[in-house]
Amino acid sequence: MNDAHPLRVAIADDALLLREGIAKVLEDGGIDVVASVGTGDELLEVLQGGGIDVAVLDIRMPPSYRDEGITALEQLRAGGSTIGVLLLSMYATPEYALRVMGAGSGTGYLLKERVSEPQTLVRAVETVASGGSVVDPEVVEQLVKRTRADDPLSRLTERERSVLELMAQGYSNGGIAQTLFLGLKTVETHVRSILQKLDLEESPEHHRRVLAVLTLLGER
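Residues numbered from 1 in each chain as written. Predicted model: local features only at pLDDT ≥ 70, side-chain atom pairs only at ≥ 80, totals over all residues. Heavy atoms only, no water.

Asks: With reference to specific residues and values, describe the packing of helix 8 (residues 173-180) against helix 9 (residues 184-197).
Replies: One way to put it is that helix 8 packs onto helix 9 with a least axis distance of 9 Å and a crossing angle of 110 degrees. The angle between the axes of helix 8 and helix 9 places the two elements in the roughly perpendicular class. Both helix 8 and helix 9 take part in a crossing whose hand is right-handed. Contact residues: Asn173, Gly174, Ile176 and Ala177 in helix 8; Leu184, Val187, Glu188 and Val191 in helix 9. (Axes fitted to C-alpha atoms, helices over the stretch in contact; angles between N-to-C directions. Helix = DSSP H or I, 4+ residues; strand = E, 2+ residues; numbered from the N terminus. Parallel < 35°, antiparallel > 145°, perpendicular 65-115°, else oblique. Left-handed = near helix turned anticlockwise from the far one by under 90°. Contact = heavy atoms within 4.5 Å.)

Structure follows, in structure tokens:
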């Protein structure tokens, strides 16, 4: 987060009441909601003006109510935008999650029911703003059940798997330590081990934590 100003967010959802609910949760969390629109196209127009740190948008919006939100995300990334993007959905759809995470860092996928969990929503916005990735726990649970031949995740211990699942939900090392009641250095050791076991080497183009999460989601 930029210490010079609160995070500035634009919201896009065709349901006015939901937009207002999201805005209230974020504003109560110290986040500045600077725009609220009903379609993906309107959101893209708002973002062209700059000054937005994160876009929070519905996956299904007019005109077809299919994947307009993800399409907007992909257009942003294709145009070189690196702003945080948090997609919201009524449904835990693994295929959508994979597309969202495939767009790179600074992206997230949450179920709309998380709007009733203020801390979860605010933390997700802050995470994607800082370049991290977030996937709803319910979606993670579905995805980890997908097994593959020669699954690299089979190399992980049960504790390392728990750490990786929290990484997928956008937790920092400190947050993981608190959740699992572990020391910070212990978590850092687990993270290093995870990255090594998944054969994720240092790269200027990719963030290793994001690649680890994509491995968890079944696509790399």
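Asks: Mind laying out the pairing of strand 3 (residues 54-58), listing which residues take part and the relevant values?
Replies: Judged by how many residues are buried, strand 3 sits mostly within the fold: five of five residues are covered. Here strand 3 shows a buried face lined by Val54, Val56 and Asp58 and a second buried face lined by Ala55 and Leu57. The sheet contact formed by strand 1 (residues 8-12) and strand 3 spans four bridges and is parallel. Pairing of Ala10 across the sheet is with Ala55, part of strand 3. Where strand 3 lies against strand 4 (residues 84-89), five bridges are found, and the strand directions are parallel. Bridge assignment links Asp58 to a residue of strand 4, and that residue is Leu88. (Buried < 20%, exposed > 50% of the residue type's maximum accessible area, 1.4 Å probe, protein only. Pairing = 2+ DSSP bridges.)

Asks: Let's hear about the environment of Ala72: which residues, and what values?
Replies: Here Ala72 lies in helix 3 (residues 68-78). The spatial distance from the C-alpha of Ala72 to the C-alpha of Met90 is 18 Å, given a sequence separation of 18 residues. Not counting residues within four places of it along the chain, the set of residues in contact with Ala72 comprises Leu44 and Leu57.

Asks: Give a detailed account of the packing of helix 7 (residues 158-168) against helix 10 (residues 208-216), specifying residues and quantitative values.
Replies: The relative placement of two packed helices is expressed as an angle between their axes plus a distance between the axes. Remark: helix 7 packs on helix 10, axes separated minimally by 9 Å, with the N-to-C direction vectors making an angle of 105 degrees. Here helix 10 runs roughly perpendicular to helix 7, going by the angle between their axes. Contacts from Arg161, Leu164, Glu165, Met167 and Ala168 in helix 7 reach Arg209, Ala212, Val213 and Leu216 in helix 10. In the contact of helix 7 with helix 10, the residues fall into six nonpolar, no polar and three charged. (Nonpolar A, V, L, I, M, F, W, Y, C, P; charged D, E, K, R; others polar.)

Asks: How would you explain the packing of aromatic side chains if you had to name every residue and give the values?
Replies: Two numbers describe a pair of aromatic rings. These are the distance of the centres and the angle of the planes. Across all of its chains, the model carries zero aromatic pairs by this definition. Sitting over the face of the ring of Tyr171, Arg123 holds its NZ or CZ atom 4.3 Å from the ring centroid. (Phe/Tyr/Trp six-rings, centres within 6.5 Å; stacked < 30°, edge-to-face > 60°. Lys NZ or Arg CZ within 6 Å of the ring centre and 35° of its normal.)

Asks: Give a detailed account of the side chain of Glu68, specifying residues and quantitative values.
Replies: Mapped onto the elements of the fold, Glu68 is located in helix 3. For the buried Glu68, which has no salt bridge, the nearest side chain bearing the opposite charge is Arg66, at an N-O separation of 6.7 Å. A distance of 3.3 Å separates a polar side-chain atom of Glu68 from the backbone nitrogen of Met61. Discounting residues that sit within four places of it in the chain, Glu68 has contacts with Ile59, Arg60, Met61, Pro62 and Pro63. (Lys, Arg positive; Asp, Glu negative; His and termini not counted. Salt bridge = Lys/Arg side-chain N within 4 Å of Asp/Glu carboxyl O. Polar contact = N/O pair within 3.5 Å; in protein donor to acceptor, adjacent residues only side chain to side chain.)

Asks: Before we move on, could you go through the pairing of strand 2 (residues 32-37) and cite the residues and values that matter?
Replies: Strand direction decides the pairing type here: strand 1 and strand 2, joined by five bridges, are parallel. Considered in strand 2, the bridge of Ala12 is made with Val37. Running through helix 1 (residues 16-28), the crossover from strand 1 to the neighbouring parallel element strand 2 is right-handed. (Right-handed = clockwise from strand over helix to strand, strands pointing away.)

Asks: Run through the sheet that holds strand 1, naming residues and quoting values.
Replies: Strand order in this open sheet of six strands is 2-1-3-4-5-6, and the pairing throughout is parallel. Of all strands in the sheet, those with a lone pairing partner are strand 2 and strand 6 (134-135), marking the two edges. For strand 5 (residues 107-111) and strand 6, the ladder comprises two bridges, and the chain directions are parallel. What sits directly across from Gly108, in strand 6, is Val134. The strands touched by helix 3 within the sheet are strand 3, strand 4 and strand 5, with strand 4 carrying the most contacts at an inclination of about 170 degrees. Running at roughly 145 degrees to strand 4, helix 5 (residues 118-129) makes contact with strand 1, strand 3, strand 4, strand 5 and strand 6 of the sheet.

Asks: Could you give an account of the nonpolar core, naming the residues involved and the relevant values?
Replies: When a protein is soluble and globular, its nonpolar side chains tend to lie buried together. Formed by 55 residues in total, the largest nonpolar core has its most connected members in Leu43, Leu47, Leu57, Leu164, Met167, Ile176 and Leu198. Counting residues per element, this core draws most heavily on helix 10, at six residues. When sequence neighbours within four positions are dropped, the list of residues in contact with Met167 reads Ser133, Ile176, Val191, Ile194, Arg209, Ala212 and Val213. Leu7, Val9, Leu26 and Leu121 belong to the second-largest nonpolar core, a separate cluster that totals 21 residues. (Core = buried A, V, L, I, M, F, W, Y, C linked by side-chain atoms within 4.5 Å.)

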